[in-house]
Amino acid sequence: MGTSSLKRFFLIFTVVLVALFSLEMWNPVQAHVVVPFTGMLASMSAAILAPFDPNVLAYGKVLQFKDSGFAVSIEAGCNGVEATIVLIAAVVAFPASWKQRIAAIVGGFFAIQALNLVRIISLFYLGDWNLEVFSWVHLYLWPALIMLDVLIVFILYLRYLSRERLETAHAA
Amino acid sequence: MQPDNALRQFLLFAFVLLLPCFALWTVAAQPLAMPVVGLADLLLGAWFPSVVESLSFHGGDVVLMTAFGELDGKPVLPGQSEYQLGFSINPGILSYSFPFYAALHFATQKKEYLWNFLTGVMVLYPLFLVGVLSLCLKELMLGLGPLFLDLPDSFIPNANVIALFYQLNVLIIPTIAPIALWLWQNWDTPLLRGVFGREPEAEEEAKTLLR
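Residues numbered from 1 in each chain as written. Chains lettered and ligands numbered in written order. Predicted model: local features only at pLDDT ≥ 70, side-chain atom pairs only at ≥ 80, totals over all residues.

> Before we go on, may I ask you to explain the overall build of chain A in this structure?
Scanning chain A from terminus to terminus reveals five helices and three strands. Order of helices (α) and strands (β) in chain A, N terminus to C terminus: α-α-β-β-β-α-α-α. Each principal axis of the C-alpha atoms in chain A carries an extent, and together these give about 65 × 35 × 25 Å. Going through the 172 residues of chain A one by one, you find that 31% of them count as buried. Contacts spanning at least 24 positions in sequence make up 62% of the contacts within chain A whose residues lie at least 6 apart. (Helix = DSSP H or I, 4+ residues; strand = E, 2+ residues; numbered from the N terminus. Buried ≥ 20, exposed ≤ 12 C-beta atoms within 10 Å, placed from the backbone. Contact = placed C-beta atoms within 7 Å.)

> Even after reading the chapter, I still don't get the sheet that holds strand β2 (residues 62-65) of chain A, so can you show me in this structure?
Picture the strands of a sheet paired through backbone hydrogen bonds; they go either parallel or antiparallel. All names here are of chain A. Spatially, β1-β2-β3 is the arrangement adopted by the three strands of the open sheet, whose pairing is antiparallel. Each edge of the open sheet carries a strand with a single partner, namely β1 (56-59) and β3 (71-73). If you compare each strand with its neighbour and ignore which way they point, the axes differ by 15 degrees on average. As judged from the three bridges shared by β2 and β3, these two strands associate in the antiparallel manner. Following the sheet pairing, Gln64 is matched in β3 by Ala71. (Pairing = 2+ DSSP bridges. Axes fitted to C-alpha atoms, helices over the stretch in contact; angles between N-to-C directions.)

> It is not clear to me how the interface of chain A and chain B should be interpreted in this structure. Could you clarify?
A common way to report how large an interface is uses the accessible area buried once the components associate. The interface is formed by 23 residues belonging to chain A together with 24 residues belonging to chain B. Residue assignment for the side of chain A that touches chain B shows that the elements contributing at least two residues are α1 (3-25), α3 (81-93) and α5 (131-171) of chain A. It is α5 of chain A that provides the largest number of residues to the side of chain A that touches chain B, a total of 14 residues. Tallied by class, the residues present in the side of chain A that touches chain B amount to 17 nonpolar, three polar and three charged. (Nonpolar A, V, L, I, M, F, W, Y, C, P; charged D, E, K, R; others polar.)

> Where do I start with the pairing of β2 of chain A in this structure?
Along any regular strand the residues' side chains alternate between the sheet's two faces. Residues and elements named next belong to chain A. In this structure, β1 lies alongside β2, joined through four bridges in antiparallel fashion. Following the sheet pairing, Ala58 is matched in β2 by Leu63. Here β1 hands over to β2 after two residues, with Gly60 in that stretch at a positive phi of 60 degrees. Between β2 and β3, which pair antiparallel in sequence order, lie five residues; one of them, Gly69, sits at a positive phi of approximately 85 degrees.

> What is the right way to look at the nonpolar core in this model?
Burial of nonpolar side chains together is a common tendency in soluble globular proteins. If you look at the biggest cluster of nonpolar residues, it comprises 76 residues, and the most contacted ones within it are Leu87 and Val150 of chain A together with Cys136 of chain B. Sorting elements by how many residues they give to this core places α5 of chain A first, with 13 residues. Those residues within four positions of Leu87 of chain A in sequence are excluded, and the remaining contacts are Ile105, Gly108, Ile112, Val150, Val153 and Phe154 of chain A. One finds Leu41, Cys78, Leu123 and Phe124 of chain A within the second-largest nonpolar core, a separate group that totals twelve residues. (Core = buried A, V, L, I, M, F, W, Y, C linked by C-beta atoms within 7 Å.)

> Got a minute to help me understand helix α2 (residues 27-49) of chain A in this structure?
Owing to its 3.6 residues per turn, the α-helix aligns residues three or four sequence positions apart on the same side. All names here are of chain A. If you check α2, its first and last C-alpha atoms are 32 Å apart, about what 23 residues at 1.5 Å a residue would give, namely 33 Å. Where α2 is concerned, the buried positions are Thr38, Leu41, Ala42, Ser45, Ala46 and Leu49. Among the structural elements, β1, β2 and α4 (98-129) are those in contact with the buried residues of α2. (Expected span 1.5 Å × (residues − 1).)

> It is not clear to me how the packing of helix α4 (residues 114-144) of chain B against helix α6 (residues 159-185) of chain B should be interpreted in this structure. Could you clarify?
The angle between the axes and the distance between the axes are what describe a pair of packed helices. Residues and elements named next belong to chain B. Relative to each other, α4 and α6 sit at 165 degrees, their axes nearing to 8 Å. By the angle between their axes, α4 is roughly antiparallel relative to α6. The two elements α4 and α6 cross, and the hand of that crossing is left-handed. Counted together, Asn116, Gly120, Val123, Leu124, Leu127, Val130, Gly131, Ser134, Leu135, Leu137, Lys138 and Met141 of α4 and Ala159, Ile162, Phe165, Tyr166, Asn169, Val170, Ile173, Pro174, Ala177, Leu181 and Gln185 of α6 form the full contact between these two elements. Along the lines of polarity and charge, the residues of the contact of α4 with α6 split into 16 nonpolar, six polar and one charged. (Parallel < 35°, antiparallel > 145°, perpendicular 65-115°, else oblique. Left-handed = near helix turned anticlockwise from the far one by under 90°.)

> Just checking my understanding: could you explain the environment of Ala28 of chain B for this structure?
Residues and elements named next belong to chain B. Its location among the elements puts Ala28 in helix α1 (residues 3-47). You can call Ala28 partly exposed: it has 13 C-beta atoms within 10 Å. Separated by 150 residues in the primary sequence, Ala28 and Pro178 place their C-alpha atoms 18 Å from one another.

> How should the environment of Phe128 of chain B be read in this particular structure?
All names here are of chain B. With respect to the element layout, Phe128 can be found in helix α4. The spatial distance from the C-alpha of Phe128 to the C-alpha of Ala28 is 15 Å, given a sequence separation of 100 residues. Dropping the residues within four chain positions of it, Phe128 is found in contact with Val36, Leu94 and Ser95.

In short, shape yes, function no, at least from these values alone.
Here it is as structure tokens:
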């Protein structure tokens, strides 16, 4: 991949990114995909916590402590959808077969959502403990960590691709 | 250094450096935002002279003060209310791109650090400004509604354009720009040569000479 390929990568990446974000903001997509998915994340977080902490309640997009009443609502921007879109744009922009791309997107989606569940649960407990720390970690640290996760997934995918290419070249 | 070791070292250093970089940024966030807030104040004042009165620091917060007032919870024209309507702006949700970039930058093994870093910061500043403008536009759109969107004497972008600009410049760019910048600046480091499956620099140069 030369510098011209890098420019091409950034161009395709930007086009796909803007297209997918426009699609994500479209009301029917919000209503039928993003909102139900966000609600599912809250239920999954509660299901993970329930065996360890019976004090946790989940309804809709909301997670709440029964005793203190502290609650978090999982909103757009907290559901990992944006990070997944970034990963999809990067994977689509990089030359590979569609089979490899789809595998990377599916694997990456699960990696992002696994970390996102850690984010939601950690923020839920942090908020109950200290609201100032919660705000700082929620607004600044976790977005960077989630995007670092996207970068790591993408780097691992690139390494896999370059190894595949090497193996194919050696076999030939 | 072997590509695998370079990658492991980068990942370890990136995670280790993330927290101190963010801690330093927390201390320096206000002075870091000052030039951008000042410039955004000038631009917004010139763009919407009949709407925006100022964008300035009030203690630790940044407030976008409008020329409109508030009556019964609704924005009203100036003169119909005793209170001025202002919106709180948090530049931190944009400027955290600086510590994120710093962590990625200093976690990568390379020959030159400081000049590259300063160049990167200079690239991030205009994006920070665009982010603040997008944030202010969104606040004006949601807070003032038709009073802002139907202004006769200024060019107001379409509501969907403002929403998309907000989504991209506030929610996405602060995390993507540092990564894109890092990729661009470290393209020839052993780490990225290894990741992208490119030959080491010396071998590539030798091949060019042979041609």
